[in-house]
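# Examination of the molecular architecture
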Amino acid sequence: MKRAFKYRFYPSAQQAAELSRTFGCVRLVYNRALEARTAAWYGEQRRVSYVQSSAMLTEWKQDPGSAFLTEVSSVPLQQSLRHLQGAFAAFWDKRARYPRFKSKRKSRASAEYTRSAFRWRDGTLILAKMAEPLDIRWSRPLPEGAEPSMVTVSRDAANRWHVSVLVDTTVHDGPTSDQVVGLDAGIASLVTLSTGEKVTNPRHERRDRERLAVAQRRLARKMKGSSNRAKARVKVARVHARIADRRSDNLHKLSTRLVRENQTVVIEDLGVRNMVRNHSLARAISDAAWSELRTMLTYKCQWYGRELVVIDRWYPSSKVCSACGALQGTMPLGIREWTCRCGTVHDRDVNAAINIRAAGLAVLACGDGVRPARAQAREGNCR
């Protein structure tokens, strides 16, 4: 399978200028092509294909007003048109919204180079239009014998440069296990396992909240358009990057441990987009990053031959007694422990994780998708 390995690198002044120019040209080509396709559709009800967009790019290069497009590598420009074509395909299939224009400040600055636009020799990477290799910090080695098939160079809001190397590699399945674990996502505890273990929520945003507030206040005092404001914006971005990196590192460690120790992982299909509309919990939910954890579990289960079962979000896992199967009435979030009429005292999160595991086993046994009905939960059997 194809895997991407991401590294930091430190460009020279000349390389930074070349890459910044490339980023600007990529953004310009994407926006111009999007504008042309939008005008063709709303004005003539006509779809513009990738081939037609590529022909437009040739005309733009011949125009004296945009002849600077010839000064950068043509491969990243073509790749931006391919990305736009993919965005429109997702829109037509109703998998995504209509493509939006790329902003200079808000959009990620990146350029994608295929095999014809870079040289890879003895662990050194030289991009097109450059004479010297990139100064990459190889924090981990590439798989033995792997040859990069695509390279993506990016710069984040904190002015950190990254290179993502895509290679073909073989991933072996982990040792077979009969362990099945259910996960209940939360705020006080990041996740609660059906084994009774509670994983502490580090709350990375709360730990750096004071530092972030100071940086944002200093940014607000700077005059718009000034160089000092640009410097203050980078300092704010660095605090955000610190929070995001620590959160991602913690989630990677947690997801890897869960996949290695268990053959099957069962989770809930949480509607995070709707949940963050609750202004009282939005900040804590965003800091927990449940969607990011699910994404990691999804591709790591595919890598290592594990199975990820996602049960329906409306399954009342917190209100069903894991001992007798009785369904309780309303249960506000403030109730963390409750007693069933059968006499069993439940920890709300542990009970939910046990029920999620049981629902996942029912899905595996019945083979009827990821939507165990509420009636099935009451009866405790499959139909």
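Residues numbered from 1 in each chain as written. Predicted model: local features only at pLDDT ≥ 70, side-chain atom pairs only at ≥ 80, totals over all residues. Heavy atoms only, no water.

## Concerning the environment of Glu132
Our working definition: The helix and strand labels rest on DSSP assignments: H or I over at least four residues marks a helix, E over at least two residues marks a strand, and numbering proceeds from the N terminus. Any pair of residues with heavy atoms lying within 4.5 Å of one another is described as a contacting pair.
Secondary-structure assignment places Glu132 in the loop between β4 (124-127) and β5 (136-137). Not counting residues within four places of it along the chain, the set of residues in contact with Glu132 comprises Gln15 and Ile126.

## Some thoughts on a positive patch on the surface
Let me state the cut-off plainly: Like-charged residues are merged into a patch within 9 Å and nonpolar side chains (Val, Leu, Ile, Met, Phe, Trp, Tyr) within 5 Å, provided each residue has over 30% relative accessible area and no salt bridge. Where accessible areas are quoted, they stem from the Shrake-Rupley method and a 1.4 Å probe; at the residue level, only the protein chains shown are allowed to cover. Salt bridge, as used here, is a side-chain nitrogen of Lys or Arg placed within 4 Å of a carboxyl oxygen of Asp or Glu. As used throughout, the charge tally considers Lys and Arg to be positive and Asp and Glu to be negative, leaving His and the chain termini uncounted. Where a charge sits is defined by one atom per residue type, namely NZ (Lys), CZ (Arg), CG (Asp) or CD (Glu).
A surface patch of like charges, here positive, comprises Arg217, Arg218, Arg221, Lys222, Lys231, Lys235 and Arg238. Looking at where Lys222 falls in the secondary structure, it is placed in the loop between α5 (209-221) and α6 (227-261).

## Points about the layout of surface pockets
Under the convention used in this document: The way it works is a 1 Å grid over only the protein atoms, where trapped points that fit a 1.4 Å probe form a cavity and open points with protein on both sides within 12 Å along at least five of seven lines form a pocket, and then any residue with an atom within 4 Å of a point lines it. Grid points are joined across faces, edges and corners, and a volume is the space filled by probe spheres set on the points. In this count, Pro and Cys sit with the nonpolar residues alongside Ala, Val, Leu, Ile, Met, Phe, Trp and Tyr, while Asp, Glu, Lys and Arg are called charged and the others, Gly among them, polar.
Computed from the structure, the largest pocket encloses a volume of approximately 980 Å³. Lining the largest pocket we find 31 residues, and of these Leu270, Met275, Ser318, Leu333 and Arg348 sit closest to its centre. Those elements that place two or more of their residues in the lining of the largest pocket are β8 (180-185), α7 (272-275) and α10 (348-366). For the lining of the largest pocket, a count of residues per class yields 15 nonpolar, seven polar and nine charged. The calculated volume of the second largest pocket comes to roughly 730 Å³. Considering the residues around the second largest pocket, the lining is formed by 18 residues, among which Lys6, Arg140, Ser248, His252 and Tyr299 are closest to the centre. Secondary-structure elements contributing two or more residues to the lining of the second largest pocket are β1 (2-9), α6 and α9 (290-303). When residues in the lining of the second largest pocket are grouped by element, the largest group, seven residues, is from α6. Taken together, the residues of the lining of the second largest pocket break down into six nonpolar, four polar and eight charged.

## So, the pattern of salt bridges
Condition: Classification of residues uses two cut-offs on accessible area relative to the type maximum, computed with a 1.4 Å probe and protein chains only: under 20% is buried, over 50% is exposed, and between them is partly exposed.
Scanning the entire structure with this criterion turns up 19 salt bridges. The partner of Arg21 in a salt bridge is Glu18, and the shortest N-O contact between them spans 2.7 Å. You can see Arg21 and its partner Glu18 sitting in helix α1 (residues 13-44), three residues apart, about one turn around the helix. With its nearest N and O atoms 2.7 Å apart, the salt bridge here joins Asp135 to Arg137. Residue classification places Asp135 among the partly exposed residues on the basis of a relative accessible area of 37%.

## A word on the nonpolar core
Soluble globular proteins tend to bury their nonpolar side chains together. Defined as follows: Remark: nonpolar core denotes a set of buried residues (Ala, Val, Leu, Ile, Met, Phe, Trp, Tyr, Cys) joined through side-chain atoms within 4.5 Å.
Grouped together as the largest cluster of nonpolar side chains are 43 residues, with contacts concentrated most on Leu19, Leu125, Leu127, Val153 and Val163. Ranked by residues supplied to this core, first place goes to α1 with ten residues. Among residues more than four places away in sequence, those in contact with Leu125 are Phe118, Arg119, Trp120, Pro133, Leu134, Ile136, Val151 and Val163. With 23 residues, the next largest nonpolar core counts Leu251, Val265, Trp290 and Cys301 among its residues.

## What about the UniProt feature "domain: Cas12f1-like TNB" (unreviewed entry) in the protein chain?
Applied cut-off: UniProt positions are given in the numbering used here, feature names are shortened, and annotations may be inferred rather than shown by experiment.
In the UniProt entry, the feature "domain: Cas12f1-like TNB" (unreviewed entry) is given for residues 290-356. Across residues 290-356, helical content stands at 34% and strand content at 16%; the span's end C-alpha atoms are separated by 16 Å.

## With respect to the packing of aromatic side chains
This is how the line gets drawn: Here the aromatic set is Phe, Tyr and Trp, taking the six-membered ring for Trp, and pairing holds for ring centres within 6.5 Å; pairs whose planes are under 30 degrees apart are stacked, those over 60 apart are edge-to-face, and all others are tilted. Two conditions define a charge sitting above a ring: the NZ of Lys or the CZ of Arg must be within 6 Å of the ring centre, and it must be within 35 degrees of the ring normal.
Within the structure shown, the criterion is met by ten aromatic pairs. Residues Tyr299 and Trp303 carry aromatic rings whose centres are separated by 4.9 Å and whose planes lie at 55° to one another, so their mutual orientation is tilted. One end of the pair, Tyr299, and the other, Trp303, are both in helix α9, four residues apart, so they sit about a helical turn from each other. Pairing Trp303 with Tyr304 gives two aromatic rings, centres 6.2 Å apart and planes at 85°, and the pair type is edge-to-face. Through successive ring pairs, a cluster of aromatic residues spans Tyr42, Phe88, Phe91, Trp92 and Tyr98. Just above the ring of Trp303 sits the side chain of Arg3; from NZ or CZ to the centre is 3.9 Å.

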